[in-house]
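One-letter residues, chain by chain:
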Amino acid sequence: MTRKVKKFFWSYDVEKTEKWLGDMGAKGYVLQRINLLTRQFYFEKRNTNQINYHIVYARGGKPVLTETLKHAGWEQIVQHQNWHVLVHKGSEVNISAYPSREGVIKRNRSLTYIFGSMLLLFFCILMTFLMSMTLMLILNGDKAIFVPSPYWSLTGMFAFIMYALVILSMYSLTKIGQTNRKLEGIGSFSQTTPNKTSPNQRLIVKRRFLWFEAPDKLETWLEKMEKKGYQLQRISKNGISFYFKQGNPRTMSYCVDFHYHVNKTYLDLQREAGWELKFMRNTVMLHWFIWAKSYEADSQKPRIYSDDTFHRKQVRKVMMVNLLFSLPFLALIYMMLTMNDYFTWNMSGFRWSMLIIYIVFSIIFMLRIIRSICYFFRMRKVIETN
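Being a predicted model, the structure only gives us computed values, none of them experimental.

Engineer: So what's going on with the overall build of the chain? Residues and values would help.
Structural biologist: For the chain, the count of helices and strands is eight helices and 12 strands. The 386 residues of the chain split such that 41% are buried. Approximately 23,100 Å² of the chain is accessible, and the part contributed by carbon and sulfur atoms is 59%.

Quick look at the structure:
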């Protein structure tokens, strides 16, 4: 007896899918094959013992079942394209080794870049449209003329597809982000709990904007604040507000670190080395950390990276991510300017207002680019002199 079950987003949470496959096995349904196009699982009714499933993603014909896994009792029952389903028959407590999740994590990461880019593009188009409509209504309220679409069916279909893609992108980013954080072991990892302050003691709030483009300046500023007796207690989730309490001056080393992806091992290693996690911005695609460590004034200042080559790569990575974030916005602004012929003096008030808005946003993104490039050359000089 064959049974078919459709699960559209099974690959977004492989651990949940494995548990579901195990529950199906407990009912006597053993997986036979998977159809990725129709998102269907095919089962066959059998008398079986307990089955533990493990889903692996491996590209380029990489071997999935190593000798270690074979000795541990794993065997492959299904392979479709790059997906492999392994099973272990028996109690879970007897499993001595598990297949790697690295392939699934990398695939999820690639999907986040695709869906994130789609969402960013839609956001840019939507913001441009809303700004244009708002200014047009403000400046030409009673003179504005709305021309109906000659093909409402096509307009409605296009709008439906766009909204569907946005909803799919938002759901995918959220679900995949949660899964990757769980697989990488950082889902429950939190920053250092701030020291308790008395009810009468007010925290001093300082705000720093655009420090992501120049992390070294934030490090220097935090260290100077500590020497003045302003002890950092916590940082807001958006990374803008810094909360200090007045106390004794301290000699602290602060390090801002950036990664496209991290795992629990990275966080454990830093804490074992004596670093305190003051801030963690753990988004779907980008991970920012601020680490702090106290040291004696007459001793060498501790740093996270002792390898100059790796440090250069990290600095280059920070510059590139800021460039890749800013350049598409500049390209979109330039496209809007050239398509609508803004480079003439005979323009209406609406067009002049839009031009000013475009110029302001262009300056903001240009400043991000300039600050990122200056950071790169500044840090390269520091690394070479050390």
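Engineer: Would you mind going over the nonpolar core in detail, with residue names and values included?
Structural biologist: By size, the foremost hydrophobic cluster in this structure holds 39 residues, and its most contacted members are Trp211, Leu218, Leu222, Phe242, Trp288 and Ile290. Mapped onto this core, the elements with two or more residues apiece are α5 (215–227), β8 (230–235), β9 (241–246), β10 (252–259), β12 (287–294), α7 (308–339) and α8 (349–385). Excluding anything up to four places from it in sequence, Trp211 contacts Leu218, Gly239, Phe242, Val256, Phe279, Trp288, Ile290 and Arg371. Within the second largest apolar cluster, 24 residues are counted, among which are Met24, Tyr29, Val85 and Val104.

Engineer: Quick one: what's the story with the pairing of β9, residue by residue and with numbers?
Structural biologist: Judged by how many residues are buried, β9 sits mostly within the fold: five of six residues are covered. In terms of strand pairing, strand β7 (residues 204–207) meets β9 through four bridges, oriented antiparallel. Bridging from a neighbouring strand, Ile204 pairs with Phe244 of β9. Turn length for the β8-β9 hairpin, with the two strands adjacent in sequence and antiparallel, is five residues, and the turn residue Gly239 shows positive phi of about 75°.

Engineer: Could you give an account of the confidence of the model for the chain, with specific residues and numbers?
Structural biologist: Residues at a pLDDT of 70 or more form 88% of the chain, whose mean pLDDT is 85. Within the chain, helix α3 (residues 102–140) has the poorest average pLDDT of any element, 78, and α5 the best, 95.

Engineer: Can you tell me about the side chain of Lys317, naming the residues and giving the values?
Structural biologist: Position of Lys317 relative to the elements: it lies in helix α7. Of the side chains bearing the opposite charge, Asp257 lies closest to the buried Lys317, which forms no salt bridge; the N-O distance is 7.4 Å. Beyond its immediate sequence surroundings of up to four residues, Lys317 is in contact with Phe258, His259 and Tyr260.

Engineer: I'd like a description of unusual backbone geometry, backed by residues and values.
Structural biologist: With a phi close to 60°, Arg39 is a non-glycine residue in the positive phi region. Of note, Arg39 is situated in the loop between β2 (29–35) and β3 (40–45). Judged by relative accessible area, Arg39 falls into the buried class, the value being 18%. A positive phi angle is found at Gln81, which is not glycine, with a value near 55°. Counting through the fold element by element, Gln81 comes out in the loop between β5 (74–80) and β6 (83–89).

Engineer: Account for helix α6 (residues 264–272), with residues named and values stated.
Structural biologist: At 3.6 residues per turn, the α-helix brings residues three or four places apart onto the same side. Listed in full, the buried residues belonging to α6 are Tyr266, Leu267 and Gln270. An end-on view of α6 places all buried positions within 95° of arc, on one side of the element. Those residues of α6 that are buried are in contact with β10 and β12. Within two residues after α6, Gly274 carries a phi angle of roughly 95°, on the positive side.

Engineer: So, the pattern of salt bridges: which residues are in play, and what are the values?
Structural biologist: Per the counting criterion, the structure on display carries 16 salt bridges. Measuring nitrogen to oxygen at the nearest pair gives 3.8 Å for the salt bridge that ties Glu15 to Lys182. Of the two residues, Glu15 is situated in helix α1 (residues 14–26) and Lys182 in helix α4 (residues 152–184); the sequence distance between them amounts to 167 residues. A salt bridge links Asp23 to Lys19, with the shortest nitrogen-to-oxygen separation between them at 3.5 Å. A residue pair is termed a helical-turn pair when its members lie 3 or 4 positions apart in one helix, as Asp23 and Lys19 do in helix α1 at four residues. A network of salt bridges, in which partner residues are shared, links Asp13, Glu15, Lys175 and Lys182.

Engineer: Describe in detail the environment of Thr2, supporting the description with residues and values.
Structural biologist: Along the chain, Thr2 turns up in strand β1 (residues 2–6). For the pair Thr2 and Gln32, spaced 30 residues apart in the sequence, the C-alpha separation amounts to 9.1 Å. Those residues in contact with Thr2 that sit more than four places away from it in its chain are Tyr42 and Phe43.

Engineer: Before we move on, could you go through a nonpolar patch on the surface and cite the residues and values that matter?
Structural biologist: On the surface, Phe123, Leu126, Met127, Phe129 and Leu130 cluster together into a nonpolar patch covering about 440 Å² of accessible area. Within the fold, Phe129 resides in helix α3. Under the relative-accessibility criterion, Phe129 is labelled partly exposed at 48%.

Thresholds applied
Residues numbered from 1 in each chain as written. Predicted model: local features only at pLDDT ≥ 70, side-chain atom pairs only at ≥ 80, totals over all residues. Heavy atoms only, no water. Helix = DSSP H or I, 4+ residues; strand = E, 2+ residues; numbered from the N terminus. Buried < 20%, exposed > 50% of the residue type's maximum accessible area, 1.4 Å probe, protein only. Areas by Shrake-Rupley, 256 points an atom, 1.4 Å probe, with all protein chains shown as cover. Core = buried A, V, L, I, M, F, W, Y, C linked by side-chain atoms within 4.5 Å. Contact = heavy atoms within 4.5 Å. Pairing = 2+ DSSP bridges. pLDDT = per-residue confidence, 0-100. Lys, Arg positive; Asp, Glu negative; His and termini not counted. Salt bridge = Lys/Arg side-chain N within 4 Å of Asp/Glu carboxyl O. Arc of directions from axis to C-beta. Patch = residues over 30% accessible without salt bridge, like charges linked within 9 Å, V, L, I, M, F, W, Y side chains within 5 Å.

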